[in-house]
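# Coordinate inspection notes
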Amino acid sequence: MATYKFASVPSNGERITYANGVLNVPNNPIIPFVEGDGTGPDIWRASVRVFDAAIEKAFGGERKVAWMKVYAGEESFTKYNDWLPQETVDAMQEFRVSIKGPLSTPVGGGIRSLNVTLRQVLDLYACIRPVRYFEGVGSPMKDPGKLNIVVFRENTEDVYAGIEWKAGSPEAEKLRLFIETELGKKMREQSAIGIKPMSEFGSKRLIDMAYRYAIKHCLPSVTLMHKGNIMKFTEGAFRDWGYEVAREKFPEDTCTEAELTKGGPTARADAIVMRDRIADSMFQQLLLRPGEYSVIATPNLNGDYLSDAAAAQVGGLGIAPGGNVGDGVAVFEATHGTAPKYANLNKINPGSVILSGVMMFEYMGWNEAAKLIVKGMENAIKSKRVTYDLARQMPGATEVSTSGFGDQVIAGMKS
Ligand code: NAP
């Protein structure tokens, strides 16, 4: 067990444990949280009240989270001169399930993204982002309710692995010369170079998780989104490995699109259809035929773009949740960033963190609390008392603050 200098371990809680692929959650689990930078503290204050209210309503006094504040980002740097103390990473590993607000990342140079570091160090290899429509939210789409997908984005590899060199640096020049002389490929002088590693192991375990999710939730299809027509050995391999996973591990549960069309021997009405789409086509498909997609498994960068774009189709980043999940360790977080211009204004939408909490409670098996929060969100939005981002898209809506929206969600659980 780690020792903690900055954080303190709540004395009224117990550890979540993990053995043989199963999470064991006590009635009073210790859950570390990072408030986050910018708008993070405003959002966290509203969200934690919603979480506690849902647990209280769902389980009476029988279950209760012992929240453990841990430090990262600007607050941590100001107080402890450390952007990401090792003990924060240790706590997320030790206590298994945690939740965090957004952390700011300086662009170009300086420190490495704290979010990316956490995902890599804790090996949280799947970024899971469900995108669904809440009735009443303004949307640029004619029929936004048709979109109901879960994006499984590989989280540790691809160009996101951070293996890159500055243009003109000795390392970039050395690599360029190696590539030209040893491998026979041309590259312009003074090029910046980034490497895109994608392994069979990394791709397959992500796709495996996506299939398992589809099977568990009885979902109709898994689509492999890739750019394999151009990047054949990376993105193309991702697609091939995806089909292999289905054939090797889930032959009874899946069939290919081609088999289904031909009515072949393995095509069954109850099988999960597996298919692939090239990344650019995937974007237009989600706009034109959103109802045909369900689970989407994709490499890191594609998934980053697609999940934000899909969130915009159903009302924006203010209600876009996410979870970074590995084997027995998970960190839940909103899709959006710190939205710094709204910091400390009690204005921003806490919905993404609130819905990330829903994912967290589902992951813990606290489904009753998760369902109550979803009900609370649905009713809060129906009441048209919403934060600015939703209000500006909903005719007749009344704008409420971050904390006010939290109140609406809590009230919505009761109705
Ligand atoms: P952002 O913080 O996501 O904000 C961009 C815009 O999205 C906001 O100005 C706002 O739009 C809207 N938005 C974001 N969150 C919202 C919410 N909760 N409710 C309503 N609207 C919301 O993106 P950014 O400005 O590009 O990034 C700021 C910082 O966050 C950067 O340092 C970036 O690296 C970091 N970041 C962190 C994470 C993470 O921690 N996981 C993820 C992404 C970015 P309007 O202006 O239209 O109101």
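In what follows, the accompanying structure is described. (Residues numbered from 1 in each chain as written. Predicted model: local features only at pLDDT ≥ 70, side-chain atom pairs only at ≥ 80, totals over all residues. Heavy atoms only, no water.)

Now for the overall build of the protein. Looking only at helices and strands, one finds 14 helices and 17 strands in the protein. Relative to the compact-globule value of 22 Å for 415 residues, the protein shows a C-alpha radius of gyration of 22 Å, a close match. For the protein, the spread of C-alpha atoms along the principal axes amounts to about 65 × 55 × 50 Å. Burial statistics for the protein: of 415 residues in total, 53% are counted as buried. Across the protein, contacts joining residues at least 24 apart in sequence account for 73% of those joining residues at least 6 apart. Carbon and sulfur atoms form 53% of the exposed surface of the protein, whose accessible area is close to 18,800 Å². (Helix = DSSP H or I, 4+ residues; strand = E, 2+ residues; numbered from the N terminus. Rg over C-alpha atoms; globule rule 2.2 N^0.38 Å. Buried < 20%, exposed > 50% of the residue type's maximum accessible area, 1.4 Å probe, protein only. Contact = heavy atoms within 4.5 Å. Areas by Shrake-Rupley, 256 points an atom, 1.4 Å probe, with all protein chains shown as cover.)

Now for the packing of aromatic side chains. Given two aromatic rings, their pairing is described by the distance between the two centres and the angle made by the two planes. Tallied over the entire structure, the rule returns 16 aromatic pairs. Judged by centre distance (5.6 Å) and plane angle (85°), the ring pair of F51 and F361 falls under edge-to-face. Here F51 is found in helix α1 (residues 40–59), whereas its partner F361 is found in helix α11 (residues 351–364), with 310 residues between them in sequence. We note that F51, like F361, is buried. With a centroid separation of 5.1 Å and an interplanar angle of 85°, the aromatic rings of Y71 and Y80 are classed as edge-to-face. Residue Y80 is classed as partly exposed on the basis of its relative accessible area of 26%. Within the aromatic cluster, the residues linked to one another by ring pairs are F33, W44, F51, F59, W67, F361 and W366. Over the ring of F59 we find R63; its NZ or CZ atom is 4.3 Å from the centre of that ring. The side chain of R132 reaches across the aromatic face of F134, ending 3.8 Å from its centre. (Phe/Tyr/Trp six-rings, centres within 6.5 Å; stacked < 30°, edge-to-face > 60°. Lys NZ or Arg CZ within 6 Å of the ring centre and 35° of its normal.)

Bringing the state of the cysteines into the picture now. Taken as a whole and assessed by the stated rule, the structure comprises zero disulfides. Just so you know, C218 is unpaired, no disulfide at all, and the nearest cysteine sulfur is the one on C255, 15 Å from it. Relative accessible area serves as the criterion here: at 68%, C218 is assigned to the exposed category. (Disulfide = S-S within 2.5 Å.)

So, about the nonpolar core. Ranked by internal contacts, the top residues of the largest apolar core, which has 89 residues, are W67 and F361. Look past the residues within four positions of W67 in its chain and what remains in contact with it is P10, I31, F33, W44, V48, F51, D52, I99 and M360. Within the second largest apolar cluster, 20 residues are counted, among which are A66, M68, A72 and L118. (Core = buried A, V, L, I, M, F, W, Y, C linked by side-chain atoms within 4.5 Å.)

So, on to the pairing of strand β10 (residues 221–226). Burial runs high along β10: six of the six residues are buried. Both faces of β10 are covered, namely the face carrying S221, T223 and M225 and the face carrying V222, L224 and H226. With six bridges joining them, β10 and strand β12 (residues 272–278) adopt parallel strand pairing. Pairing of V222 across the sheet is with M274, part of β12. Pairing of β10 with strand β13 (residues 295–298), which is carried by three bridges, proceeds in the parallel orientation. Bridge pairing in β13 places V222 opposite V295. (Pairing = 2+ DSSP bridges.)

Turning to the side chain of T88, a few remarks are in order. Note that T88 resides in helix α3 (residues 86–95). Within the structure, the side chain of T88 is placed 2.5 Å from the backbone oxygen of Y71, a separation counted as a polar contact. (Polar contact = N/O pair within 3.5 Å; in protein donor to acceptor, adjacent residues only side chain to side chain.)

Time to look at the layout of surface pockets. Approximately 1,400 Å³ is the volume found for the largest pocket. Around the largest pocket, the lining comprises 47 residues; the ones closest to its centre are I128, Y213, K216, H217 and E362. At the level of elements, β2 (22–24), β6 (126–132), β7 (148–154), α6 (200–216), β14 (323–325), α11 and α12 (367–382) are the ones that each hand at least two residues to the lining of the largest pocket. Grouping the amino acids of the lining of the largest pocket by side-chain chemistry returns 30 nonpolar, ten polar and seven charged. (1 Å grid on protein atoms, 1.4 Å probe; cavity = no way out; pocket = protein on both sides within 12 Å on 5 of 7 lines; lining within 4 Å. Points joined across faces, edges and corners; volume = space filled by probe spheres on them. Nonpolar A, V, L, I, M, F, W, Y, C, P; charged D, E, K, R; others polar.)

We now examine the pairing of strand β15 (residues 330–333). On β15, burial covers both faces: A330 and F332 on one face and V331 and E333 on the other are all buried. Here three bridges tie β14 to β15, and the two strands are oriented antiparallel to one another. By the bridge assignment, V325 is partnered in β15 with A330. Between β14 and β15, which pair antiparallel and follow one another directly, the connecting turn spans four residues, one of which, G328, has a positive phi of 80°.

Spatial relationships are all this shows, so hold off on functional conclusions.
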